[in-house]
2 protein chains.
Amino acid sequence: MVKGAFDGVTVLDFTQGVAGPHASMLLALHGADVIKIEPPEGDWGRALGELKGDHCAHSIAFNRGKRSIALDLKSPDGIAVVKKLAAKADVVMESFRPGVIGRLGFGYEDLKKINPKVVYCSISGFGQTGPYSKRPTVDGLIQAFSGMMVMNKMPDGTPWRQGMIAVDVTTGLYTFQALAPAIMRQFRFGEGCYIDSSLMRAAAAYQGAKLMEWVFSKGNPPVLYMPAGSYKTANGYIMLSAMRPHHFRLLFELIGREDIANDPDLQSHDNRIRNAAKIIKALNETMPQKTTEEWIEILQPKDVFCERVNNYTDYLQHPHVKATGAVDWIEQDGMGALPVANIPGLPRASEHPPQQYAPHIGENGPEILRELSYSAADIDAMLSRGGVRAPAPAVKAAD
Amino acid sequence: MVKGAFDGVTVLDFTQGVAGPHASMLLALHGADVIKIEPPEGDWGRALGELKGDHCAHSIAFNRGKRSIALDLKSPDGIAVVKKLAAKADVVMESFRPGVIGRLGFGYEDLKKINPKVVYCSISGFGQTGPYSKRPTVDGLIQAFSGMMVMNKMPDGTPWRQGMIAVDVTTGLYTFQALAPAIMRQFRFGEGCYIDSSLMRAAAAYQGAKLMEWVFSKGNPPVLYMPAGSYKTANGYIMLSAMRPHHFRLLFELIGREDIANDPDLQSHDNRIRNAAKIIKALNETMPQKTTEEWIEILQPKDVFCERVNNYTDYLQHPHVKATGAVDWIEQDGMGALPVANIPGLPRASEHPPQQYAPHIGENGPEILRELSYSAADIDAMLSRGGVRAPAPAVKAAD
């Protein structure tokens, strides 16, 4: 078993949804003990889609390797437990609306007093300051706000939203990008810090090169290649990308369209951009004449960039995906085998227990309370008062 | 000045394009000394779009904070220099086609012999093993391969490719996610490792929850909210997201469409999904009657999730973006002021010199050679033999 980079690091994680949980999961998978503090009704991210008990695909995907305790943060018991946990945490993460955690008494300024080396990370939609800071938001609205929907616009110019919570997932990666070095600084230099991460900033950083290009080109970013896009074939779609200039001629010769390969209007990059309609029309005429696989057999050996447009079933069943172990199939709680995409730099999920299980609401509460030296009687009393929610009996039975 | 997490860490970076350079830039911005080894003609990522000398927006965006040396890896001088650099590097990164770096004599197995604690990271399209491993690829083809284009499909079902090199940028984040903990392990435990990062794996990890959801739902992932999407207004587009059930009624009451709010066919989530066409038709009729700003003034105070669909100009000029310093404007080499999106967890670009400059081809070659104890005469001889490319005179003059 490889030693985890963050072995021995304790993370107190109040975040809900996807962005924060994604970041804290990566800490957990690299060895940290991530204690997920949930409200008694559970993280709202547990209901992003079809439910399987108290989970959905998103909550499983982004909460593996953690332990959960469900606390009512307005109850004296809940507050007492958080105080004990916060005093010993190396990292604290929260995603309440800006200002809320301070009113609960667990803001950065509060915790720094009892825990001066703490790495404290807030994750929000628009950041902790500025006129929009308290505005509620969700992934799709930041796709709109950040320019991403215009960047992703359809051929007729209509702004288009990606069919996944792309900004949330990306914010998880940028937040991990902030946290991992902060923990390294804590370790090397004994320094804590405050991190103000947000969907807005992560979306902008993700599109950083596009923002520069937009300004370079005064709002008219150049088309890089023509053609580059997906075209209908006899049985699906093929993606074509004529990246190098010689690919253009080669592609049209290989598909039997010498008229286009030799068209005097299409012999330079600029001309191909200007007369793109001609190119697209020819591909729409010719590509449906063979299957995707037939085209790939013609184009691929000549190094013309092309790829079958796969859906997730195609991807999961692809021989290369299978041969390389890019995806492992994991069983959790009788939900059936679920695909787990293996993350670069981590052991395979099938060989790494933390990747195989996301906790139920409050599942680890009693054990976490015992570690805080609460007696069995104390714990029973807290559970019965309701400030700490007891794990569901079904969960206990499955233990 | 904050101490960098990776201060004192030396990175030998052979990667080109976007994915590898993005990851190594994040190491540089967190303090590492990243030595970018380029071929004499420069990283091909310098030509991804409109040229500004030997740069484009992408090469500036993803190569800040590094130093560059341009070497001919087939020349004896180039090989001798790499040998010296490799012996002292803490991290080595490469993105050649699998197998190439081994033939050059700088594969993981070679370097481990002279540098047993090295963290070695290969970045490729399809990974180092499996039937597709040597297949050349680019961002758009992995969007096709990974299912991303189907996930991002247009309303008529046509697979749609994002208008940016989304997988490359994401692979940079996942690769940093692998490298930062690997450096932490090297530091804590004296352990090196090999990381096989790829566009294919990063794309799958990014879509990990969607893959699970696809399998959960047998290929029919549920629609989360209806409506959720962008609609034309009198002067642009507005993004609407009726996340909570009560938002549906509120939205249609506020826009004066009680007929829809009260429609018996639309009173449950399932019914709204089933009769989505009715909802979309009503929004297409009504939303063009006012401007985006007028609608937001009506909807926002009642907490109906809505946002203006911005392009990058709107984003850069937005009062909240300006008030929070989400973007700084940086000058490089007379290219004019360029927007730099401030990355969570890093100092602001305007206060952090490494974020303000990406090197020209081979710009730091002579200084890097001096640090390796080559004499002035040796350096001149190497430059004149051409194994090390001299920095362009214009660049020297600008120093």
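Quick caveat: nothing in here was measured; it's all calculated off a predicted structure.

The rules behind the values
- Residues numbered from 1 in each chain as written.
- Chains lettered and ligands numbered in written order.
- Predicted model: local features only at pLDDT ≥ 70, side-chain atom pairs only at ≥ 80, totals over all residues.
- Heavy atoms only, no water.
- Pairing = 2+ DSSP bridges.
- Helix = DSSP H or I, 4+ residues; strand = E, 2+ residues; numbered from the N terminus.
- Axes fitted to C-alpha atoms, helices over the stretch in contact; angles between N-to-C directions.
- pLDDT = per-residue confidence, 0-100.
- Contact = heavy atoms within 4.5 Å.
- Least-squares fit on C-alpha atoms with pLDDT ≥ 70 in both.
- Parallel < 35°, antiparallel > 145°, perpendicular 65-115°, else oblique.
- Nonpolar A, V, L, I, M, F, W, Y, C, P; charged D, E, K, R; others polar.
- Buried < 20%, exposed > 50% of the residue type's maximum accessible area, 1.4 Å probe, protein only.
- Salt bridge = Lys/Arg side-chain N within 4 Å of Asp/Glu carboxyl O.
- Phe/Tyr/Trp six-rings, centres within 6.5 Å; stacked < 30°, edge-to-face > 60°.
- Lys NZ or Arg CZ within 6 Å of the ring centre and 35° of its normal.

Colleague: Could you clarify how one ought to interpret the sheet that holds strand β3 (residues 67-70) of chain B in this entry?
Modeller: Two modes of strand pairing occur in sheets, parallel and antiparallel, and in both the strands are linked by backbone hydrogen bonds. All names here are of chain B. Sheet architecture is open: 6 strands sit in the order β3-β2-β1-β4-β5-β6, paired in parallel fashion. Unpaired on one side and paired on the other, β3 and β6 (193-198) mark the two borders of the sheet. Recorded for the sheet is a direction-independent mean angle of 20 degrees between the axes of neighbouring strands. As judged from the 4 bridges shared by strand β4 (residues 91-94) and strand β5 (residues 119-124), these two strands associate in the parallel manner.

Colleague: Looking at this structure, how should I read the confidence of the model for chain A?
Modeller: If pLDDT is low for a region, its predicted coordinates should not be looked at in detail. Here chain A shows a mean pLDDT of 94. Residues at 70 or above account for 98%. Note that residues 395-399 of chain A has pLDDT below 50 and, in this model, 3 contacts with residues that lie over four places away or in other chains.

Colleague: Is there a simple way to think about the relation of the copies chain B and chain A in this case?
Modeller: The operation relating the two chain copies consists of a rotation about an axis and a shift along that axis. Superposing chain B onto chain A takes a rotation of 180 degrees plus a shift of 0.0 Å along the axis, which leaves an RMSD of 0.0 Å. What the superposition gives is, in effect, a two-fold axis relating one chain to the other. With an isologous cut-off of 70% or more, the 99% of interface residues of chain B that recur at the interface of chain A puts this contact in the isologous class.

Colleague: Looking at this structure, I do not really get the packing of helix α8 (residues 166-189) of chain B against helix α9 (residues 199-206) of chain B. What am I missing?
Modeller: Think of two packed helices as two axes; the pair is described by the angle between the axes and how far apart they sit. All names here are of chain B. Put simply, α8 and α9 touch, their axes get as near as 9 Å, and they point 85 degrees apart. With respect to each other, α8 and α9 are oriented roughly perpendicular. Only L199, A202, A203, A205 and Y206 of α9 make contact with α8, whose side of the interface consists of V167, D168, T170, T171 and Y174. Split into classes, the residues belonging to the contact of α8 with α9 amount to 7 nonpolar, 2 polar and 1 charged.

Colleague: Please clarify how unusual backbone geometry should be interpreted in this entry.
Modeller: The phi torsion of most residues other than glycine is negative, and most of the peptide bonds are trans. Residues and elements named next belong to chain A. In this model, M226 is joined to P227 through a cis peptide bond whose omega is 0 degrees. Of note, S373 is a non-glycine position whose phi angle comes to about 70 degrees, a positive value. Structurally, the position occupied by S373 is in the loop between α18 (365-371) and α19 (376-385). A relative accessible area of 65% places S373 in the exposed class.

Colleague: It is not clear to me how the sheet that holds strand β7 (residues 228-232) of chain B should be interpreted in this structure. Could you clarify?
Modeller: All names here are of chain B. Strand order in the open sheet made by the 3 strands is β7-β8-β9, with antiparallel pairing throughout. The strands lining the two open edges of the sheet, one partner per strand, are β7 and β9 (305-308). Ignoring strand direction, the axes of neighbouring strands in this sheet form an average angle of 25 degrees. Sheet analysis places β7 next to strand β8 (residues 237-241), joined by 5 bridges and oriented antiparallel.

Colleague: Sorry if this is basic, but what is going on with the pattern of salt bridges here?
Modeller: Any two side chains of opposite charge can pair, given that their charged atoms come close. In the structure shown here, the tally under the stated rule is 42 salt bridges over all chains. Between R385 of chain B and D77 of chain B there is a salt bridge, and its shortest N-O distance comes to 2.8 Å. Here D77 of chain B lies in helix α3 (residues 76-88) and R385 of chain B lies in helix α19 (residues 376-385), a separation of 308 residues in the sequence. Here D77 of chain B falls in the buried class, since its relative accessible area comes to 13%. Each member of the salt-bridge network shares a partner with another, and the members are D33, R67, E367 and E371 of chain A.

Colleague: Whenever I open this one, the packing of aromatic side chains confuses me. Can you help?
Modeller: Each aromatic ring pair is described using two quantities: the centre-to-centre distance and the angle formed by the ring planes. Tallying each qualifying case throughout the model produces 22 aromatic pairs over all chains. Judged by centre distance (5.1 Å) and plane angle (55 degrees), the rings of F248 of chain B and F252 of chain B are tilted. You can see F248 of chain B and its partner F252 of chain B sitting in helix α11 (residues 245-254), 4 residues apart, about one turn around the helix. What makes F248 of chain B buried here is its relative accessible area of 2%. The exposure class assigned to F252 of chain B is buried, which follows from its relative accessible area of 0%. Chaining the aromatic ring pairs together yields one cluster made of F126, Y132 and F145 of chain A together with Y315 of chain B. Just above the ring of Y374 of chain A sits the side chain of K84 of chain A; from NZ or CZ to the centre is 4.5 Å.

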